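Remarks on the overall topology
What follows is each chain in one-letter form.
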Amino acid sequence: TDLAHIRNFSIVAHIDHGKSTLADRLIQSTNTVAERDMKEQLLDAMDIERERGITIKANTVRIDYIARNGEAYVLNLIDTPGHVDFAYEVSRSMRAVEGSLLVVDSTQGVEAQTLANVYQAIDADHEIVPVLNKIDLPAADCDRVAEQIEDVIGIDASEAVQVSAKTGIGIEDTLEAIVHRLPAPQGDRDQPLKAMLVDSWYDPYLGVVVLVRIMDGVLKKGDQIKMMQTGAKYGVDRIGVFRPAMTKVDELGPGEIGFITASIKQVRDTKVGDTITHEKKGAEKPLPGFAPSQPVVFCGLFPVDSAEFEDLRDAIEKLALNDASFSYEMETSAALGFGFRCGFLGLLHLEVIRDRIEREYDIELITTAPSVIYHVYMKDGAMTELHNPADMPDPSTVDHLEEPRIKATILVPDEFLGDVLKLCQDRRGIQLDLTYAGSRAMVVYDLPLNEVVFDFYDRLKSVTKGYASFDYQITDYREDNLVKMQVLVNDEPVDALSTMVHRDRAEMRGRAMCEKLKELIPRHMFKIPIQAAIGGKVIARETLSALRKDVTAKCYGGDATRKKKLLEKQKAGKKKMRQFGKVDIPQEAFISALKMD
Ligand code: GTP
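Residues numbered from 1 in each chain as written. Predicted model: local features only at pLDDT ≥ 70, side-chain atom pairs only at ≥ 80, totals over all residues. Heavy atoms only, no water.

**Re the overall build of the protein**
Stated formally: Numbering goes from the N terminus for both helices and strands, where a helix is a DSSP run of H or I of at least four residues and a strand is a run of E of at least two. Accessible area is worked out with a 1.4 Å probe on protein chains only. A residue is then buried under 20% of its type maximum, exposed over 50%, and partly exposed in between. The criterion used for residue contact is that any of the two residues' heavy atoms lie within 4.5 Å. We get accessible surface area from the Shrake-Rupley algorithm with a probe of 1.4 Å; when it comes to residues, only the shown protein chains can shield them.
Within the protein, the secondary structure is distributed over 14 helices and 34 strands. Sorting the 597 residues of the protein into buried and exposed places 54% on the buried side. A separation of at least 24 residues holds for 70% of the contacts in the protein among residues at least 6 apart in sequence. Surface accessibility of the protein: about 26800 Å² in total, with carbon and sulfur atoms responsible for 48%.

In structure tokens form, the structure reads like this:
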């Protein structure tokens, strides 16, 4: 296809504003798929994504459209991941296209997450077409939302397309806007090949599939290619496009988006943002902006049943095949036995992987509290990265610690503003900005990531009744007074409960943890001291009193069915307990103990 008849675009939207429904409509209205093959939400392939209503893997589809002017266009839609954890992946997909549809629910308005993705689109020099969706609903208020788009985002929304992805109103207008308002791609067929590696995933039949955008040159089946960042070389086996089913083509030229397979063994061998060129007569310089994504949040995953360790290893290895951004290494914990220390791009990424292990592999897990990476500067000048509080070196050898800070953007209705400011303040936040757009406030805070990874988002949702939206970016590492806090149960340290805390907040956190554990640990036949300590110094203490004999006696009285039920319940409960010294600690204690409410 000649460049003038290609349009490449992505859709930027907040979760639930209708991105998938609109994409489905665009595909359907152009007969890209036969009606009977049209499955709901074609673009979200995995069940788990559907259930959580999020899109993780970038997907793409090629749409053939005959415009009102009678000319045939090829429209390539790249579906970008909708969550902040995948910011780098989003930025790469954005670089692969020239324009974006900004879908905003006309009954809701702009959200923080939309903002983050719009800024990525603006960074990538996109032409942006605002699309006001859900105009079929009585609560739709296009004028207000268009005004908000202009105020908050600062782009012209006077010609926003009004759409109902559900009923189909405005779909043709959207297609026309793509053709006439978005620029055609540029590129030169006669230059050496430069193709951007936009995404890759593992397919059980084809092996690793690589999504590419050709910038310059032509890519053909059988070509010998080279990845410029990793230096790896391959022969191209297959080449094709998504309609959305994989369809073979002979070649991909400038401006085109498609896939290749090349006997690549693991997703790990492909780096998003890498430049693919020919082995011979290749490009001299790679495309700019390559920066492999790094895990930022770490936690331990342990099987509840230690006999399932090998199964867990298997599950983690399989998941890692398809997800290069997820890292793991074996970990042993005195409290939890054998498990893995895993690194994730963010909290959502962590939750998705954990859920998949539990659901798809049917392994019950104990997840330890998420932690960020600290930079530990030793007295001798060396710096080490600390991924696990349990590995904190002896404080007498440490000069100082640095922690990652973030810039958080929160959009919240006025009425909840006070609570949000308090929450940010409580989490050692520094206010950077506060502006109003209509009846909503936009708050920008500088916060330590370690105060956010755990339950910040849950707290934010609960104090704002779900009305706030939140987005963040890591900005830098900064020194602060951080210490390792240990928890001792029955005088023994429980390594999986160690955390890094700010010195000024240690007493408060320690007390809260001891109180929580006192509630969570069942009473035993003996008294159990629960303590929080920094170094050798106890800073908080609770005592779980011993179980009195007559309480058990009472429980075991009564009729037989009740007794049986009780026994069964205890048995089930036992499975979720971890024996530690002489004390049984329930599985949920390892997470709940750290929650602050
Ligand atoms: P994620 O995939 O979670 O990012 O969400 P999304 O932005 O893709 O939203 P999705 O297309 O799943 O739509 C969210 C909800 O809004 C679904 O229940 C849709 O049926 C509904 N919806 C989408 N478009 C419209 C519309 O034009 N009108 C109405 N009434 N409902 C719509």
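**Here we look at the sheet that holds strand β5 (residues 127-133)**
Counted only if it meets this: In this analysis, strands are considered paired if DSSP registers two or more bridges between them. A fitted line through C-alpha atoms represents every axis, and for helices the fit uses only the stretch in contact; the resulting angles, taken between N-to-C directions, go from 0 to 180 degrees.
Spatially, β2-β3-β1-β4-β5-β6 is the arrangement adopted by the six strands of the open sheet, whose pairing is mixed. At either end of the open sheet lies a strand with only one pairing partner, and these are β2 (59-66) and β6 (161-162). In terms of strand pairing, strand β4 (residues 99-105) meets β5 through seven bridges, oriented parallel. Within the sheet, the bridge partner assigned to D105 lies in β5 and is N133. Its contacts with the sheet put helix α1 (residues 19-29) on β1 (6-13), β2, β3 (72-79), β4 and β5, and the angle it makes with β1 is roughly 155 degrees.

**Quick notes on the UniProt feature "binding site: GTP" (unreviewed entry) in the protein**
Condition: UniProt positions are given in the numbering used here, feature names are shortened, and annotations may be inferred rather than shown by experiment.
Look at the UniProt record and you will see "binding site: GTP" (unreviewed entry) annotated at D16, H17, G18, K19, S20, T21, N133, K134, I135 and D136. One can find D16 in the loop between β1 and α1. Judged by relative accessible area, which is 62%, D16 ranks as exposed. With near-sequence residues (within four places) excluded, D16 lies in contact with D105 and K134. For I135, the position within the fold is in the loop between β5 and α5 (142-153). Classification of I135 as partly exposed rests on a relative accessible area of 23%. Not counting the four nearest positions on each side in its chain, I135 is found in contact with S106, A140, C142, Q162, V163, S164 and I169.

**Considerations on the pattern of salt bridges**
Which entries qualify depends on this criterion: For this document, the term salt bridge refers to a Lys or Arg side-chain nitrogen within 4 Å of an Asp or Glu carboxyl oxygen.
Counted according to the given criterion, the structure contains 25 salt bridges. A salt bridge links R189 to E251; its shortest N-O distance comes to 2.9 Å. Separated by 62 residues along the polypeptide, R189 in the loop between α6 (171-181) and β7 (194-203) and E251 in strand β14 (residues 251-252) bring together distant segments of the chain. On the basis of relative accessibility, which here comes to 45%, the residue R189 falls in the partly exposed class.

**What about the state of the cysteines?**
Using the following cut-off: Sulfur atoms of two cysteines make up a disulfide when they are within 2.5 Å.
Enumeration over the complete set of coordinates arrives at zero disulfides. Here C299 is not cross-linked by a disulfide; its sulfur's nearest cysteine counterpart is in C342, at 6.3 Å.

**Some thoughts on the packing of aromatic side chains**
For the record, the criterion: Stacked, tilted and edge-to-face are the three classes applied to pairs of Phe, Tyr and Trp rings, where Trp contributes its six-membered ring and a pair requires centres within 6.5 Å; stacked means planes under 30 degrees apart, edge-to-face means over 60, and tilted covers the rest. For a ring to carry a charge above it, either NZ of a lysine or CZ of an arginine must fall within 6 Å of the ring centroid while also lying within 35 degrees of the normal to the ring plane.
Tallied over the full model, the rule gives 11 aromatic pairs. Aromatic pair F326 and F344: ring centres 5.5 Å apart, planes at 20 degrees, arrangement stacked. A residue pair is termed long-range when its members are at least 10 positions apart, and F326 in the loop between α7 (309-321) and β18 (327-333) and F344 in strand β19 (residues 337-344) qualify at 18 residues. The same class applies to F326 and to F344, which are both buried. The structure contains a cluster of three or more aromatic residues connected by ring pairs, namely F309, F326, Y328, F338, F340 and F344. The cationic tip of K582 hangs over the ring face of F526; the distance from NZ or CZ to the ring centre is 4.8 Å.

**Here's the deal with the packing of α7 against helix α8 (residues 347-360)**
In a packed pair of helices, the relevant descriptors are the angle between the two axes and the axis-to-axis distance. Worth spelling out the cut-off: Each angle receives one of four descriptions, namely roughly parallel if under 35 degrees, roughly antiparallel if over 145, roughly perpendicular if within 65 to 115, and oblique otherwise. Should the near helix be turned anticlockwise from the far one by less than a right angle, the crossing is left-handed, and should it be turned clockwise, the crossing is right-handed.
The geometry of α7 relative to α8 is characterised by a closest axis approach of 10 Å and an angle of 130 degrees between their N-to-C directions. Taken together, α7 and α8 sit at an angle that is classed as oblique. The handedness of the crossing between α7 and α8 is right-handed. Of the residues in α8, those in contact with L312, A315, I316 and L319 of α7 are I353, R356 and I357.

**Structural notes on the nonpolar core**
Our working definition: Within this scheme, the nonpolar core is defined by two criteria: the residues are buried Ala, Val, Leu, Ile, Met, Phe, Trp, Tyr or Cys, and they are joined through side-chain atoms within 4.5 Å.
I357, I410, V412 and F456 are the most contacted members of the largest nonpolar core, which totals 50 residues. Sequence-distant contacts of F456, that is, excluding residues within four places in its chain, are made with I410, L423, C424, R427, L447, E451 and F470.

**Thoughts on the sheet that holds β7**
Across the sheet, which stays open at both edges, the eight strands sit in the order β11-β10-β16-β7-β8-β15-β12-β13 with antiparallel pairing between neighbours. A strand with exactly one partner marks an edge of an open sheet, and here the two such strands are β11 (233-235) and β13 (246-248). Here the average twist between neighbouring strands, direction ignored, is 40 degrees. In the sheet, strand β12 (residues 238-242) pairs with strand β15 (residues 257-261) via three bridges, with the strands oriented antiparallel. Paired with R238 across the two strands is T261, which belongs to β15.

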